[in-house]
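# Analysis of the macromolecular model
Now for the letters of each chain:
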Amino acid sequence: MISLEELKNLPSEAESAALSAKNQQELNQIAIRFLGRKSKLTLFLRSLKDLPKEKRVEVGQVANKVRSRISEIFEARGRSLAHSLKPIDITLPGISPRLGHAHLISQAINEISAIFKEIGFKRVRHPEVESDWYAFEALNMPPDHPARDEWETFFMDRPAKGDGDGKRFILTPHATSGTTRALVARKLPLRVINIQKCYRRQSDISHVPMFHQFDGVYADEGVTIRHLKGVLEYFVKSYFGVKREVRLRPFHFRFTEPSFEVDISCGVCGGQGCRLCKEGWVELGGAGMLHPNVLKAAKIDPAKITALAFGWGVERVLLMRSGLEIPDIRILYENDLRFLEQF
Ligand code: DAH
């Protein structure tokens, strides 16, 4: 008769033996070896009657457990053999995965970053959930200033920690909130383009509450409006085509002085004037030279350093270029493949 120790080892022996079976027939043979009339286990069980009564009950329980464990092992192996024996037709053509592609806004973002990279602008990203300080105060918009009205959007209940301590957090309404972060964190000369999601209190056929802006800053000694015009023209001609002209129209932003709205010549009439444009021009976005207070907020001396800046909407430039007449701009974010697969 085998020892108790040997008995307890039987399940693991049975397991490796069962695994070596290549088919049900082999498995049956092996099962007989472990559970059959002449198996060690059966002999052990038979000899139990020779044990004193108290011992018999205890050892009997162990032996019964071992037996059910071994039966389970053979049943499980039987099931897995049956499963793996299902015929496989290797001549069937494979299932090719559905190939997707980048969303058309991501495509536009990649293209815009590539153009600015050519003229030395590094792409950066800044938080979408931003402190009131970076989103407004550092941009020369003190609390309660009316210039904030259009941009005060989704505030968080929790006060901001760290930067702008004690002030509120906001889903940033513009990519310009990255300006001070870029100025503070990086060495001059600085040439960065921040492309990120922005949020506004708006939702109608031509506005979405979440959209994307690209916002560039070039800060160094001797940066002037001439550089600004050069950068804007480079982008416009690369993105919209060499025939398009750029014009700066005086405007007002709190964070730039002087400030401009940037227009490009209309792609439909070539600048002659048509029903789609304003006398040959279409509006693109904002730009200017950073206000001295913005530089000061980043501890930069405005007497030494000047900076150009601009900020435009990704959706806007994309739609303007493609001539896509989307009846409702919100379709961009509805994940409707019938629309998205066209790009
Ligand atoms: N942040 C402005 C907006 O959302 C756009 C803008 C204007 C950005 C002038 C700039 C800038 O960087 O210089 O309307």
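On a predicted model such as this, the values are computed, not experimentally measured, just so you know. (Residues numbered from 1 in each chain as written. Predicted model: local features only at pLDDT ≥ 70, side-chain atom pairs only at ≥ 80, totals over all residues. Heavy atoms only, no water.)

Here we come to the overall build of the protein. Check the secondary structure of the protein and you find 11 helices and 10 strands. Here the C-alpha atoms of the protein give a radius of gyration of 37 Å, more than 25% beyond the 20 Å that 2.2 N^0.38 yields for 343 residues. Its C-alpha atoms give the protein principal-axis dimensions of roughly 110 × 55 × 35 Å. When burial is assessed residue by residue, the protein has 42% of its 343 residues classed as buried. Expressed as a percentage of contacts within the protein between residues at least 6 apart in sequence, the contacts between residues at least 24 apart total 64%. (Helix = DSSP H or I, 4+ residues; strand = E, 2+ residues; numbered from the N terminus. Rg over C-alpha atoms; globule rule 2.2 N^0.38 Å. Buried < 20%, exposed > 50% of the residue type's maximum accessible area, 1.4 Å probe, protein only. Contact = heavy atoms within 4.5 Å.)

In this section: the state of the cysteines. A covalent bond between the sulfur atoms of two cysteines is what we call a disulfide. Taken as a whole and assessed by the stated rule, the structure comprises zero disulfides. In this structure Cys 274 is not part of a disulfide, and its nearest cysteine sulfur, from Cys 277, lies 3.7 Å away. (Disulfide = S-S within 2.5 Å.)

As a further point, take a positive patch on the surface. Judged by side-chain charge, Arg 37, Lys 38, Arg 46 and Lys 49 come together as a positively charged surface patch. Along the chain, the position of Arg 37 falls in the loop between helix H2 (24-35) and helix H3 (40-47). (Patch = residues over 30% accessible without salt bridge, like charges linked within 9 Å, V, L, I, M, F, W, Y side chains within 5 Å. Areas by Shrake-Rupley, 256 points an atom, 1.4 Å probe, with all protein chains shown as cover. Salt bridge = Lys/Arg side-chain N within 4 Å of Asp/Glu carboxyl O. Lys, Arg positive; Asp, Glu negative; His and termini not counted. Charge placed at Lys NZ, Arg CZ, Asp CG, Glu CD.)

Spatial ordering of the open sheet is given by S1-S5-S6-S10-S9-S8-S7, a layout of seven strands whose pairing is mixed. The two strands at the open ends of the sheet, each matched to only one other strand, are strand S1 (122-124) and strand S7 (246-253). Neighbour to neighbour, the strand axes of the sheet diverge by 25 degrees on average, direction disregarded. Inspection of the sheet shows strand S8 (residues 256-265) paired to strand S9 (residues 281-290) by eight bridges, in the antiparallel sense. Within the sheet, the bridge partner assigned to Glu 261 lies in S9 and is Gly 286. (Pairing = 2+ DSSP bridges. Axes fitted to C-alpha atoms, helices over the stretch in contact; angles between N-to-C directions.)

We now examine the domain arrangement of the protein. Accessible area lost upon the coming together of the parts serves often as the stated size of an interface. Along its sequence, the protein is carved into domain 1 (4-84) and domain 2 (104-340). Between the C-alpha centres of domain 1 and domain 2 the distance comes to 75 Å. (Domains from an automatic or database assignment.)

Within the secondary structure, Phe 339 is located in helix H11 (residues 337-340). Along the backbone, Phe 339 and Gly 288 are 51 residues apart, and their C-alpha atoms lie at a distance of 36 Å. Phe 339 has contacts with Leu 104, Ile 326, Ile 331 and Leu 332, leaving out every residue within four places of it along the chain.

Attention shifts here to the site of the ligand. Among the 15 residues in the neighbourhood of the ligand, the closest are listed as His 174, Thr 176, Arg 200, Gln 213 and Ala 309. For the ligand, an oxygen atom lies 3.0 Å from a polar atom in the side chain of Gln 213. Calculation on the ligand without its partners gives an accessible area of 350 Å², and the protein chains cover 93% of this total. Tallied by class, residues from the shell around the ligand come to six nonpolar, seven polar and two charged. (Near = heavy atom within 4 Å. Polar contact = N/O pair within 3.5 Å; in protein donor to acceptor, adjacent residues only side chain to side chain. Nonpolar A, V, L, I, M, F, W, Y, C, P; charged D, E, K, R; others polar.)

As a further point, take the layout of surface pockets. Summary: where empty space remains is shown by rolling a probe the size of a single water molecule over the atoms. Of the volumes computed, that of the second largest pocket is approximately 220 Å³. If you trace the second largest pocket, you find 14 residues lining it, with Ile 109, Arg 123, Arg 125, Lys 197 and His 212 closest to the centre. Secondary-structure elements contributing two or more residues to the lining of the second largest pocket are helix H5 (104-118) and strand S5 (190-199). With four residues, H5 is the single largest residue contributor to the lining of the second largest pocket. Partitioning the lining of the second largest pocket into residue classes produces four nonpolar, six polar and four charged. (1 Å grid on protein atoms, 1.4 Å probe; cavity = no way out; pocket = protein on both sides within 12 Å on 5 of 7 lines; lining within 4 Å. Points joined across faces, edges and corners; volume = space filled by probe spheres on them.)

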